Amino acid sequence: MNLTLKVWRQKNANDKGGLETYPITGISEHASFLEMLDVLNEQLINDGKEPVAFDHDCREGICGTCSLYINGEAHGPDRKVTTCQLHMRMFKDGETVYIEPWRSKSMPVIKDLIVDRTAFERIQQAGGFISVNTSGNTQDANALPIAKPMADKAMDAATCIGCGACVATCKNSSAMLFVAAKVSQYSYLPQGQVERKQRALNMVEQMDKEGFGNCTNTGACEVECPKGISLEFIARLNREYLGASVASE
Amino acid sequence: MSTLDSKIPEGPIKDKWTKHKNDINLVNPANKRHIDIIVVGTGLAGGAAAASLAEMGYKVKSFAYQDSPRRAHSIAAQGGINAAKNYQNDGDSIYRLFYDTVKGGDYRSREANVYRLAEVSGNIIDQCVAQGVPFAREYGGLLDNRSFGGVLVSRTFYAKGQTGQQLLLGAYSAMCRQIGKGKITMYNRHEMMDVVLVDGKARGIIARNMITGEIEKHSAHAVVIASGGYGNVFFLSTNAMGSNASAAWKIHKKGAYFANPCYTQIHPTCIPRSGDFQSKLTLMSESLRNDGRIWVPKNMDDVMAIREGKKSPTELTEDERDYYLERRYPAFGNLVPRDVASRAAKERCDAGYGVNATGEAVYLDFKAAINRYGKQKAHLLGVENPNDAKIIELGEAVIEEKYGNLFQMYEKIIDENPYKTPMMIYPAVHYTMGGIWCDYNLMTTIPGCYAAGEANFSDHGANRLGASALMQGLADGYFVLPYTIGDYLADDISTGAIPTDSPEFDAAAKEVTERLEKLINIKGTKSVDYFHKKLGEVMWNNVGMARNAKGLTEAMDEIKQIREDFWKDVRIPGGMNELNPELEKATRVADFLELGELFAKDALAREESCGGHFREESVELDGEQKGEAKRNDKDFAYVAAWEYKGDPRDAVMHKEELEFKDIELKQRSYK
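If you're wondering where the values come from, they're calculated on a predicted model, not measured in any experiment.

A short note on the interface of chain B and chain A
Phase 1 of the analysis: Contacts between chain B and chain A engage 78 residues on the former and 75 residues on the latter.
Phase 2 of the analysis: Regarding the contact of chain B and chain A, the summed buried area is about 6,200 Å², with carbon and sulfur atoms giving 51% of it.
Phase 3 of the analysis: The tally of links between chain B and chain A comes to 10 salt bridges.
Phase 4 of the analysis: The partner of E578 of chain B in a salt bridge is K111 of chain A, with the nearest N and O atoms 3.5 Å apart.
Phase 5 of the analysis: Elements supplying a minimum of two residues to the side of chain B that touches chain A: α3 (44-56), α5 (111-131), α6 (163-181), α12 (388-414), α13 (469-489) and α17 (581-605) of chain B.
Phase 6 of the analysis: For the side of chain B that touches chain A, the element with the highest residue contribution is α6 of chain B, accounting for nine residues.
Phase 7 of the analysis: Here the side of chain B that touches chain A is built from residues that sort into 31 nonpolar, 28 polar and 19 charged.

Re the side chain of R348 of chain B
Phase 1 of the analysis: Within the fold, R348 of chain B resides in helix α10 (residues 338-350).
Phase 2 of the analysis: In contact with R348 of chain B, other than residues within four places in its own chain, are V296, D322, Y324, R327, Y353 and G354 of chain B.

Quick look at unusual backbone geometry
Excluding glycine, a negative phi dihedral is what most residues carry, and trans is how most peptide bonds are arranged.
Phase 1 of the analysis: We note that S173 of chain A has phi near 55 degrees; this positive angle belongs to a residue other than glycine.
Phase 2 of the analysis: Note on placement: S173 of chain A falls in the loop between α4 (165-169) and α5 (176-188).
Phase 3 of the analysis: One non-glycine residue with positive phi stands out, namely D415 of chain B, at about 70 degrees.
Phase 4 of the analysis: When you line up the elements, D415 of chain B lands in the loop between α12 and β15 (423-432).

Comments concerning the environment of E607 of chain B
Residue and element names in this part refer to chain B.
Phase 1 of the analysis: Along the polypeptide, E607 turns up in the loop between α17 and α18 (633-636).
Phase 2 of the analysis: Given a relative accessible area of 54%, E607 falls into the exposed group.
Phase 3 of the analysis: The spatial distance from the C-alpha of E607 to the C-alpha of R547 is 10.0 Å, given a sequence separation of 60 residues.
Phase 4 of the analysis: Not counting residues within four places of it along the chain, the set of residues in contact with E607 comprises R615, S618 and F636.

What to know about the domain arrangement of chain A
All names here are of chain A.
Phase 1 of the analysis: Domain annotation for chain A reports domain 1 (3-111) and domain 2 (118-133 + 141-246).
Phase 2 of the analysis: The distance between the C-alpha centroids of domain 1 and domain 2 comes to 28 Å.
Phase 3 of the analysis: Across the boundary between the two partners, domain 1 contributes 20 residues, which contact 20 residues of domain 2.
Phase 4 of the analysis: For R79, the salt bridge goes to E224, with nearest N and O atoms at 3.5 Å.
Phase 5 of the analysis: When its residues are assigned to classes, the side of domain 1 that touches domain 2 shows eight nonpolar, seven polar and five charged.

Considering the domain arrangement of chain B
Residue and element names in this part refer to chain B.
Phase 1 of the analysis: Looking at chain B, the domain boundaries give domain 1 (16-263 + 433-492), domain 2 (267-429) and domain 3 (502-637).
Phase 2 of the analysis: Relative to domain 3, the C-alpha centre of domain 2 lies at a distance of 33 Å.
Phase 3 of the analysis: Contacts between the two partners involve 11 residues from domain 2 and, on the opposite side, nine residues from domain 3.
Phase 4 of the analysis: Overall, the association of domain 2 and domain 3 removes approximately 820 Å² of surface from exposure, summing both partners, and the carbon and sulfur fraction of that is 59%.
Phase 5 of the analysis: Connecting domain 2 to domain 3 are one salt bridge.
Phase 6 of the analysis: Between R328 and E628 there is a salt bridge whose closest N-O contact spans 3.1 Å.
Phase 7 of the analysis: Across the contact surface, domain 2 and domain 3 share three residue pairs in polar contact (both at pLDDT 80 or more).
Phase 8 of the analysis: Where the side of domain 2 that touches domain 3 is concerned, the elements lending two or more residues are α10 and β15.

A few points about the sheet that holds strand β16 (residues 435-436) of chain B
Residues and elements named next belong to chain B.
Phase 1 of the analysis: The strand order β16-β10-β18-β19 describes an open sheet built from four strands, whose pairing is antiparallel. Two strands lie at the open edges of the sheet, namely β16 and β19 (652-657), each paired on one side alone.
Phase 2 of the analysis: Pairing of strand β18 (residues 638-643) with β19 involves six bridges; the strand directions are antiparallel. If you follow W642 over to β19, its bridge partner there is M653.
Phase 3 of the analysis: Where α17 meets the sheet, it contacts β10 (258-259), β18 and β19, and its direction lies at approximately 145 degrees from that of β18.

Things to note about the pattern of salt bridges
All names here are of chain B.
Phase 1 of the analysis: What the rule picks out here adds up to 80 salt bridges over all chains.
Phase 2 of the analysis: Here E514 and K510 are joined by a salt bridge, their closest N and O atoms 3.3 Å apart. Here E514 and its partner K510 are both found in helix α14 (residues 503-520), four residues apart, which amounts to about one turn of the helix.
Phase 3 of the analysis: For E514, a relative accessible area of 40% translates into the label partly exposed.
Phase 4 of the analysis: Taking the shortest distance from any N to any O, the salt bridge between E554 and K550 comes out at 3.2 Å. Taken as a pair, E554 and K550 lie in helix α16 (residues 549-569) at a separation of four residues, close to a single helical turn.

Rules used throughout
Residues numbered from 1 in each chain as written. Chains lettered and ligands numbered in written order. Predicted model: local features only at pLDDT ≥ 70, side-chain atom pairs only at ≥ 80, totals over all residues. Heavy atoms only, no water. Contact = heavy atoms within 4.5 Å. Buried area = accessible area lost by both parts, 1.4 Å probe. Salt bridge = Lys/Arg side-chain N within 4 Å of Asp/Glu carboxyl O. Helix = DSSP H or I, 4+ residues; strand = E, 2+ residues; numbered from the N terminus. Nonpolar A, V, L, I, M, F, W, Y, C, P; charged D, E, K, R; others polar. Buried < 20%, exposed > 50% of the residue type's maximum accessible area, 1.4 Å probe, protein only. Domains from an automatic or database assignment. Polar contact = N/O pair within 3.5 Å; in protein donor to acceptor, adjacent residues only side chain to side chain. Pairing = 2+ DSSP bridges. Axes fitted to C-alpha atoms, helices over the stretch in contact; angles between N-to-C directions.

This is the structure we're talking about:
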């Protein structure tokens, strides 16, 4: 298939940036979206031009590195996939495809389609953990039975890959879905109870500090999330945060 | 003459680790504050090591080429992690896990290391649960297990098909806690370019800031390499695009021996390749072999009809199918180890029975499992005389719960519903058992330089069993390295901070800069990928699933030629002092082009078939095992550790003879 690509090019964080047009031909519908970009880059290199910089690594939808805003949607037109799992059969021959980076004040562009997501790192560091040291003397794993529905819920939340599609999609540039996933995972588990309140308070505080917006319950994040993280977790985060802020010791 | 001292402790195998821990030196908590440790890589081994060392009080500097430690490729492991908990009461024990691992590795691993691995396996599960890793559970609230290839017990713990992700996020959360406390300094988007030796000891690294291009000097009292395996030497593999061997190769060139590079795992259940544009291959977890049956058509007419789209595989009756693993290996059936399953698939496809257009695919069929689970579920729900449609509906729901994300992944890539039509699979390069040689303490032949996880060679011999990579990564990172590194660092308590303004650091930084300048100034005509693909083709054709002396000799010459062409004709656009993905790729491929040649040399020297290494000259000629791989314990029961001598083909082999005191060497039989 033949396509017209409109790709965001930006030399570095301070550059203004803009869309460049590249025609591309002979793409297989079985190729992945990133393989299509590989072909484009090979072409650019052969023409003596600089290839398009984009983030990618595992190319099987789990590392959360790839991050493209395609035709106005995070990770493109398919549902429950990351950009690397998106296949060209989702596009029509002759189509014009717009490719942009995540757009958020808290995730500035580094180059072309690559953005800086270290704000997520700092949110995790503020409380996205259980304070247990490595030791060969923790209690036997089966000494702590956990009801299957609770364990399953925790797993659903823990599925988040930290790609940032929720932020890119949200009109408020909110990171609530990301934060909610982590806070919820631990809140369902007995191991997470000791630091439950402090975790919710600290992670939300850091989220605000990073400049992410607030949630206004649009639900676009849930739709675009490649892992289908449910909006329910945001409701849970709100309860966790409220409970932690108003409850006394 | 051998210069290798594996430092295996004395005493009975079951006491070695305990005794060793009691004998080695410790560093007191006040002194740990003055000791720096560099950890390269943030996967399960590196992440777990960094977190544990920081918790103990060391000052840790952690390096990742990704934008976050959470993205290391351990995250892609699907199926599970082994541990000798015997929760299923099916006869599992530390000894049995040890035995299975040594046998699965085709008797080419170091007994003492493997026993220790089995010994700490239970601790890993305890530790991960304490961290909040959401393992799968049964309705009673206790942990669930599944079985994996090559063993007869259920000892694999899992979190859906995302076990690696959950374990890595556990280690990552532990790292985050230490980063927040300032005990780990995290360097994301940094690539290690070289190791720095001062007075013969590893005292730091040269790293490149991948955003600014700045060449940075980082010092430490010890350096841990946990940078994963080198499967991407094949270009197409299940590794991440950025997975590379450069950290391991750089320490090799500075004195660390590289052991058994030819031991590569070709994983049997991957999605077949579809075209020239293919950039990587996707694994489908081995756990699928628990419930999937592997087959190809018995009759060539059916093969042709299927390839031409005139027939669907679902139309074939049981009689028309060849369940070749069940036929050849009745005892283990579809659960034979990975090397055996891969070769069997290749055998059928080479014979012409491959079921897709490329002729390189076999079926993995869930119909029987869907039926079985459907009936069980109907019984459980009290549905009397369920019709076929109901059984299939219930059965598919059970399969979805177990493997839903894998089925979804398959459907997105192939555009076929695997609940209705059997999956197509074919072997692909997945894991490298070989790696940097290390002693019992995980120290390489460079004092103060350690290798952990897939980057080292020690535990899996010539073939790794499923669900053992996660176990080894976490064992090394959480429970082995944090103890053994103290023994070395105990001598460094009054050394003080290592300065980076020394001649050694200056020289190393200069060398790195010059190499990058040289690369970028070639200004040739071909892209980095062009050379990488050529290398991959040679590796796959001559150094892949079946190897022979002629092919290997040719491969060594061809790789050398590609390397020379690369250094003459590669084109790298952009500059050095900016984010430049082509430059990053070029530095990695330059190293693969050297490693590939040593890889072929090692395969040539090992004139036996063992585990994932199959030499066509070494097969059983008759008897029950006719056609199976033939190992040669008399001449080859050793670890081949290669010393760098300036050119990969000039590398010198040092042998570590393997002694088997607790396990009798036998031919592996899965019949």
